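The lines below spell out each chain.
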Amino acid sequence: MAGPRKAVKPSSSSSTRATPITSTNNPSTKNWLTQIVIPIFIALVFSGAFFFLGPPTTLHISDVSKTEDHVNIEEDNGGLSWKIVDVGNGQGKGVIAVKDIKQGELVIRQTADEIKSAGSHGTYSAAINHGCGGTVNVAWHWRVPEPTHQDPTKAPPPEGHDEGSESDEKLVETHTEEPTPPPSSQPELRIYALKDIRKGEELLGSYIDTRLPRADRLDQLWEQYWFNCTCHVCSLPTESEESQSREARLTRMGEVYARFLGWTEGHIPGPEAIRLARELWTLSEKEGYFHGRAQLAEEATYISAAHSDASATQEWNDLAYEWAKIEFGEDNERTLRAKILRVNDVHSHSVWGWAEALIVGGPQLDHKQET
């Protein structure tokens, strides 16, 4: 984790000392000291150093089973796009890109058994430090085997399917996409690149929702993870123009999203919720904070379908599908759900027509202009 806070040393008055009952000149006392007390003391010192400072400089992961995706990083890096290194500045270990990584690329994949066998300091994901706002460039999630939604492009055409139709073109089109990773028989932790990552950049994930004021972020990280964040955003002088701009954006993003969720409670109408979704998208673009975009677009799809706005449902769902592939991969349940809706009619959405019929509007982004 980035920037561990130094622990406060307990007061000496809080511990009791045993009064010596014999002189250290006694041979039996010397044996007792050298054979029991001193080894225990040394072990405690090293354990404390390991806990507060992190693992040794050279991190061995040889106990992780070697598969196509997991190779000891000391063996010429095994063809991986990243490497665990000492990032300095008291931050301990970190994961650095050793070559350019493209947006949506599957960066790390590790099974539950591999994580369990490696221990907390031997997993690849454990070495990824936390970042706030636009510094976050990777997202992780657990993939559970056998997703509940079947990929419609892998299923036989429905009965009565008219070959050569527009929907048939969509089915053919999706077959040209990149192949998905082979399925695993156990849960996997997968980490994807949220944006292009240049060689030499550190991979940073988000331990919490960082759409909060700095003080709230730092308090939450300390309470939950016991460290002070030293990412670029949190390290900026508070009086600097960049810091004030970024903090204002992150704070506003948190406020907008909280109000956006009010639609589910009937506190705001559908068109207002969609307006807030657009504002949140624009703020995230300015900040470079792409974490959670798939979920936001999926929620906007839900609102659009509930209000029977077919055009908006299709456009928001296309956006949800685009970002679900980036954040979660092709075979994730969220991605497949969006893909199914793209192939089928939008009227098939599970909440279609649940609310008053309204034109709520689509994303209306630069690359998604409504007609």
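Residues numbered from 1 in each chain as written. Predicted model: local features only at pLDDT ≥ 70, side-chain atom pairs only at ≥ 80, totals over all residues. Heavy atoms only, no water.

**A word on the overall build of the protein chain**
What the protein chain contains, in helices and strands, is 10 helices and seven strands. Across the 371 residues that make up the protein chain, the buried fraction comes to 43%. In the protein chain, of all internal contacts separated by at least 6 residues, the share reaching a separation of at least 24 is 73%. Accessible surface, the protein chain as shown: approximately 20,600 Å² in total, 54% of it carbon and sulfur. (Helix = DSSP H or I, 4+ residues; strand = E, 2+ residues; numbered from the N terminus. Buried < 20%, exposed > 50% of the residue type's maximum accessible area, 1.4 Å probe, protein only. Contact = heavy atoms within 4.5 Å. Areas by Shrake-Rupley, 256 points an atom, 1.4 Å probe, with all protein chains shown as cover.)

**Regarding the nonpolar core**
Of all hydrophobic cores here, the largest spans 45 residues; its most connected members are Cys229, Phe260, Leu296, Trp316 and Trp323. The leading source of residues in this core is helix 9 (residues 310-328), at eight residues. Those residues within four positions of Phe260 in sequence are excluded, and the remaining contacts are Ile268, Ala273, Leu276, Ala277, Leu296, Glu299, Ala300 and Ile303. Counting residues in each nonpolar core, the second largest holds 15 residues, with Trp82, Val107, Ile128 and Leu203 among its members. (Core = buried A, V, L, I, M, F, W, Y, C linked by side-chain atoms within 4.5 Å.)

**A short note on the side chain of Ser243**
With respect to the element layout, Ser243 can be found in helix 6 (residues 241-260). A relative accessible area of 2% places Ser243 in the buried class. Here the side chain of Ser243 touches Arg214 through a polar contact of 3.0 Å, side chain to side chain. Sequence-distant contacts of Ser243, defined by excluding residues within four places in its chain, comprise Arg214, Leu236, Pro237 and Thr238. (Polar contact = N/O pair within 3.5 Å; in protein donor to acceptor, adjacent residues only side chain to side chain.)

**Brief notes about the sheet that holds strand 3 (residues 106-111)**
The sheet built from three strands is open, its strands ordered 3-6-5 with antiparallel pairing. At either end of the open sheet lies a strand with only one pairing partner, and these are strand 3 and strand 5 (138-143). In this sheet, adjacent strand axes meet at a mean angle of 15 degrees when their direction is disregarded. Summarising the sheet, strand 3 and strand 6 (residues 188-193) pair through five bridges and their orientation is antiparallel. If you follow Ile108 over to strand 6, its bridge partner there is Ile191. Along the sheet face, helix 9 touches strand 5 and strand 6 and points at about 120 degrees away from the line of strand 6. (Pairing = 2+ DSSP bridges. Axes fitted to C-alpha atoms, helices over the stretch in contact; angles between N-to-C directions.)

**What about the state of the cysteines?**
Applying the stated criterion to the full structure yields zero disulfides. With no disulfide of its own, Cys229 lies 3.5 Å from the sulfur of Cys231, the closest cysteine sulfur. (Disulfide = S-S within 2.5 Å.)

**Overview of the environment of Gly79**
Considering the arrangement of structural elements, one finds Gly79 in the loop between helix 1 (27-53) and strand 1 (82-86). What makes Gly79 exposed here is its relative accessible area of 58%.

**Section: the environment of Asn137**
Note on placement: Asn137 falls in the loop between strand 4 (129-130) and strand 5. Residue contacts for Asn137: discarding those within four places in its chain leaves Tyr192, Ala193, Leu194, Lys195, Ile197, Glu201, Glu202, Leu203 and Leu204. In terms of polar contacts, Asn137 uses its side chain to reach the backbone amide nitrogen of Leu204, at 2.8 Å.

**Looking at the pairing of strand 2 (residues 93-97)**
Burial analysis of strand 2 places five of its five residues in the buried class, which makes it a mostly covered element. Burial of the side chains of strand 2 extends over both faces: Lys93, Val95 and Ala97 are buried on one face and Gly94 and Ile96 on the other.

**Some points on the environment of Thr301**
Considering the arrangement of structural elements, one finds Thr301 in helix 8 (residues 293-306). C-alpha of Thr301 to C-alpha of Asn317: the two residues are 16 residues apart in sequence and 5.5 Å apart in space.

**Notes on the packing of helix 8 against helix 9**
Between helix 8 and helix 9, whose axes approach to 8 Å, the crossing angle comes to 160 degrees. Between helix 8 and helix 9, the interaxial angle falls into the category roughly antiparallel. Two packed elements cross with a definite hand, and for helix 8 against helix 9 that hand is left-handed. Here Arg293, Ala294, Ala297, Glu298, Ala300, Thr301, Ser304 and Ala305 of helix 8 lie close against helix 9, whose contacting residues are Ala312, Thr313, Trp316, Asn317, Leu319, Ala320, Trp323, Ala324, Glu327 and Phe328. Along the lines of polarity and charge, the residues of the contact of helix 8 with helix 9 split into 11 nonpolar, four polar and three charged. (Parallel < 35°, antiparallel > 145°, perpendicular 65-115°, else oblique. Left-handed = near helix turned anticlockwise from the far one by under 90°. Nonpolar A, V, L, I, M, F, W, Y, C, P; charged D, E, K, R; others polar.)

**Side note on helix 9**
Across its 19 residues, helix 9 extends 26 Å between first and last C-alpha, which sits within 8% of the 27 Å expected from 1.5 Å per residue. Immediately downstream of helix 9, the backbone of Gly329 shows phi near 90 degrees, a positive value. (Expected span 1.5 Å × (residues − 1).)

**Notes on the confidence of the model for the protein chain**
In the predicted model, the protein chain carries a mean pLDDT of 74, and the fraction of residues at 70 or more is 63%. Counting contacts from residues 1-76, a segment whose pLDDT is below 50, to residues more than four positions away or on other chains yields 89 contacts. Note on residues 366-371: pLDDT under 50 across the span, and 10 contacts to partners over four residues away in sequence or across chains. (pLDDT = per-residue confidence, 0-100.)

**Here we look at the pattern of salt bridges**
In the structure shown here, the tally under the stated rule is 21 salt bridges. The shortest N-O distance in the salt bridge between Asp209 and Arg211 comes to 2.9 Å. Among the salt bridges present, the one from Glu287 reaches Arg249, with a minimum N-O distance of 3.1 Å. Here Arg249 lies in helix 6 and Glu287 lies in helix 7 (residues 270-287), a separation of 38 residues in the sequence. Residue classification places Glu287 among the buried residues on the basis of a relative accessible area of 5%. In this structure, a network of salt bridges that share partners links the residues Arg252, Glu255, Arg259, Glu272, Arg275 and Glu279. (Salt bridge = Lys/Arg side-chain N within 4 Å of Asp/Glu carboxyl O.)

**Thoughts on unusual backbone geometry**
Phi at Trp226 takes a positive value of approximately 60 degrees, unusual for a residue other than glycine. Its location among the elements puts Trp226 in the loop between helix 4 (214-225) and helix 5 (232-235). The backbone phi angle of Ser308 is positive, close to 60 degrees, even though this residue is not glycine. Take Ser308: it is sitting in the loop between helix 8 and helix 9. On the accessibility criterion, Ser308 (28% relative accessible area) is partly exposed.

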